[in-house]
Amino acid sequence: TLARCLGDRPGEVLALRGLGEVERSVGEYGQAREYHTQALTLARQFSYRFGEVLALRGLGYVERLVGEHREAREYYTQALTLARQLGYRFGELTALRGLGEVERSVGEFGEACEYYTQVLVLARQLADRRGEAEALWGLGHVASDTAERPRAAELWRSALEIYEELGVPFAETVRAAICQLDC
């Protein structure tokens, strides 16, 4: 990469992480894992702690998607710990959300609810409306998964309001989920 040629190690970490995100988005999880691992190794080698948080989060996401929940939990936990040490609140928020997703995936709904609630509180503190909507969406899934359909609909309607306010296309997915509950 250009960053490598210029000796820009943080830039190289971010480029590798970006490549990992692209590969993950097209379902190439093995390649995504490889890029995120390279980013993590390089970030640690050069003590680029912010890049380390990003790479750990990326690895957590990939491992969750492939069903490796123990590994995903470990990566997200490391990212959370490091984000807190750095005072990187957005990194903390996304790591907490990832942990919520992992716990929901394995049926640990109480734990998932705790993580999503922490995300909701932090998103509101940061005035991160999208983060708030994502927390409400996750909490709605927990409610739906535990047969609390009216609560799920209420949470998803709150998320939908924010997604629509932001003009996020994901609003259509939320609207469809609400419709399925109401039908």
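Look above for the structure.
In this report, we go over the structure that sits alongside the text.

Reading the values: the criteria
- Residues numbered from 1 in each chain as written.
- Predicted model: local features only at pLDDT ≥ 70, side-chain atom pairs only at ≥ 80, totals over all residues.
- Heavy atoms only, no water.
- Core = buried A, V, L, I, M, F, W, Y, C linked by side-chain atoms within 4.5 Å.
- Buried < 20%, exposed > 50% of the residue type's maximum accessible area, 1.4 Å probe, protein only.
- Helix = DSSP H or I, 4+ residues; strand = E, 2+ residues; numbered from the N terminus.
- Contact = heavy atoms within 4.5 Å.
- Salt bridge = Lys/Arg side-chain N within 4 Å of Asp/Glu carboxyl O.
- Lys, Arg positive; Asp, Glu negative; His and termini not counted.
- Polar contact = N/O pair within 3.5 Å; in protein donor to acceptor, adjacent residues only side chain to side chain.
- Axes fitted to C-alpha atoms, helices over the stretch in contact; angles between N-to-C directions.
- Parallel < 35°, antiparallel > 145°, perpendicular 65-115°, else oblique.
- Left-handed = near helix turned anticlockwise from the far one by under 90°.
- Nonpolar A, V, L, I, M, F, W, Y, C, P; charged D, E, K, R; others polar.

## Overview of the nonpolar core
Item 1. One finds W137, W156, Y163 and V174 to be the most contacted residues of the largest nonpolar core, which totals 53 residues.
Item 2. For this core, the leading source of residues is helix α9 (residues 149–166), giving 8 residues.
Item 3. If sequence neighbours within four positions are ignored, V174 has contacts with W137, W156, L160 and Y163.

## Some details on the pattern of salt bridges
Item 1. Scanning all chains against the criterion turns up 18 salt bridges.
Item 2. Between E71 and R70 there is a salt bridge whose closest N-O contact spans 3.1 Å.
Item 3. In this structure E71 comes out as partly exposed when scored by relative accessible area, which is 24%.
Item 4. Using a relative accessible area of 62% as the deciding quantity, one classes R70 as exposed.
Item 5. Two residues, R97 and E134, come together in a salt bridge whose shortest N-O distance is 2.5 Å. With R97 in helix α6 (residues 89–105) and E134 in helix α8 (residues 129–145), this pair connects stretches of sequence that are 37 residues apart. The pair formed by R97 and E134 is uniform in burial state, with each residue classed as buried.

## Details of the side chain of D128
Item 1. Mapping D128 onto the fold places it in the loop between α7 (109–125) and α8.
Item 2. Although D128 lies buried, it forms no salt bridge, and the closest oppositely charged side chain, R97, sits 5.8 Å away as judged by the N-O distance.
Item 3. At a separation of 3.3 Å, a polar atom in the side chain of D128 contacts the main-chain amide nitrogen of R130.
Item 4. If we skip the residues at most four places from it in the chain, D128 touches F90, L93 and A123.

## So, the packing of α7 against α8
Item 1. Where α7 contacts α8, the axes come no closer than 8 Å and their chain directions differ by 160°. Between α7 and α8, the interaxial angle falls into the category roughly antiparallel. The two elements α7 and α8 meet at a crossing, and its hand is left-handed. Within the contact between the two elements, α7 uses F109, A112, C113, Y116, T117, V119, L120, A123 and R124 and α8 uses G131, E132, A135, L136, G138, L139, V142 and D145.
Item 2. Along the lines of polarity and charge, the residues of the contact of α7 with α8 split into 11 nonpolar, 3 polar and 3 charged.

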